[in-house]
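# Residue-level structure breakdown
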Amino acid sequence: MTPPLGDIAHLGHVELLTPDLDRSLEFFTDYLGLTVNGERGDSVYLRTWDDYEHHSLVLTVHETSGVRRTALRASSEEALQRRVGELEAAGHAGRWAEDEPGIGKLYVTADPDGHEHALYWETEWYRAPDDLRPGLKNQPQAKPGRGVGVRRLDHVNFLAADVAANADFQQHVLGARPTEQIRMDDGRISAKWLSFNNKSYDVVYTEDWTGSRGRLHHVAFATDTREDILRAADLALDTGVFIETGPHKHAIQQTFFLYVYEPGGNRVELCNPLTRLVLAPDWPLITWTEAERARGQAWGLKTIESFHTHGTPPTA
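Residues numbered from 1 in each chain as written. Predicted model: local features only at pLDDT ≥ 70, side-chain atom pairs only at ≥ 80, totals over all residues. Heavy atoms only, no water.

The next point concerns the packing of aromatic side chains. A complete count under the given rule lists 8 aromatic pairs for this structure. Ring centres of Phe 242 and Tyr 261 lie 6.3 Å apart, and the angle between their planes is 55°; this geometry places the pair in the tilted category. Taken together, the positions of Phe 242 in strand E14 (residues 242-249) and Tyr 261 in strand E15 (residues 256-261) put the pair 19 residues apart, joining distant regions of the chain. With respect to burial, Phe 242 and Tyr 261 carry one shared label: buried. Ring geometry for Phe 257 and Tyr 259: centres 5.1 Å apart, planes at 50°, overall tilted. (Phe/Tyr/Trp six-rings, centres within 6.5 Å; stacked < 30°, edge-to-face > 60°. Helix = DSSP H or I, 4+ residues; strand = E, 2+ residues; numbered from the N terminus. Buried < 20%, exposed > 50% of the residue type's maximum accessible area, 1.4 Å probe, protein only.)

Written out as structure tokens, the structure is:
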């Protein structure tokens, strides 16, 4: 039985691993325009300008790149406890932790592929210092005067050995709603997009052709406009940021996008999906066939292989 939509309110933040913290930090602050909001041990906490919480992203020193934690905010304390109960009943028992600034207790568990998920309710609302105070009171922070100036963390795309099993975890245990998927000719699901609210997607699972578990495809940040994506491409050329593909438009979910690599080896997507919402309560799951997917991602662009997910970015 699928739990009621709404126990998980939204994607809160993501922790990325990097073997080169200084250069990764420079990428996220100078190129993307995030703001540092504290440090603890080997981790730095950063925020997008329109995030109401303490941080949107955590960068942590590690020997490889990848994703360590994906945090989801519950819609209430009662909703958090319901999801914890469902997780334990479904065989995904975790542990309670209080190990992030600005966040209360987190229930840390994992999806079937081993990606760490943390659920929480208590959070610290951000109060901008004087030098970051916005001109509009309904905005948490002034827009940055540097880089792309991404508005918010948009979604996470996980690589998975078994897409269907992980998507079922998101849907039937956490309460996400599947919106689109790719079904191959042999019947297996090779990718699936799911949402916790009216956004068309918050989490994605893409088949890992290596059969590995727990890896990252990409993390995505939303911009205000499609023009920001074009500007991001120009800025990437000016500053030496590696562009993997784009600017272009996905057929699935119709997201205008640019894929780049940050210096630590993580793929980052800049995207503009802001005008596409799933408002229908009975939204049908849209399935794309293998033949339809083979035609390309959109506008004739052939689908790129997810071959590079760890280590340093490829060279131009």
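Additional details are given in the paragraphs that follow.
Turning next to the nonpolar core. Formed by 54 residues in total, the largest nonpolar core has its most connected members in Leu 16, Phe 28, Tyr 31, Leu 32, Phe 221 and Leu 270. Setting aside residues no more than four positions away along its own chain, Tyr 31 makes contact with Glu 26, Gly 147, Val 148, Ala 232, Ala 233, Leu 235, Ala 236, Thr 239, Val 241, Leu 258, Val 260 and Leu 270. (Core = buried A, V, L, I, M, F, W, Y, C linked by side-chain atoms within 4.5 Å. Contact = heavy atoms within 4.5 Å.)

Its place among the elements puts Ser 56 in the loop between strand E3 (43-47) and strand E4 (57-61). When the C-alpha positions of Ser 56 and His 10 are compared, they lie 12 Å apart, and in sequence the two are 46 residues distant. Discounting residues that sit within four places of it in the chain, Ser 56 has contacts with Gly 12, His 13, Val 14, Leu 46, Arg 47, Thr 48, Asp 51 and Leu 153.

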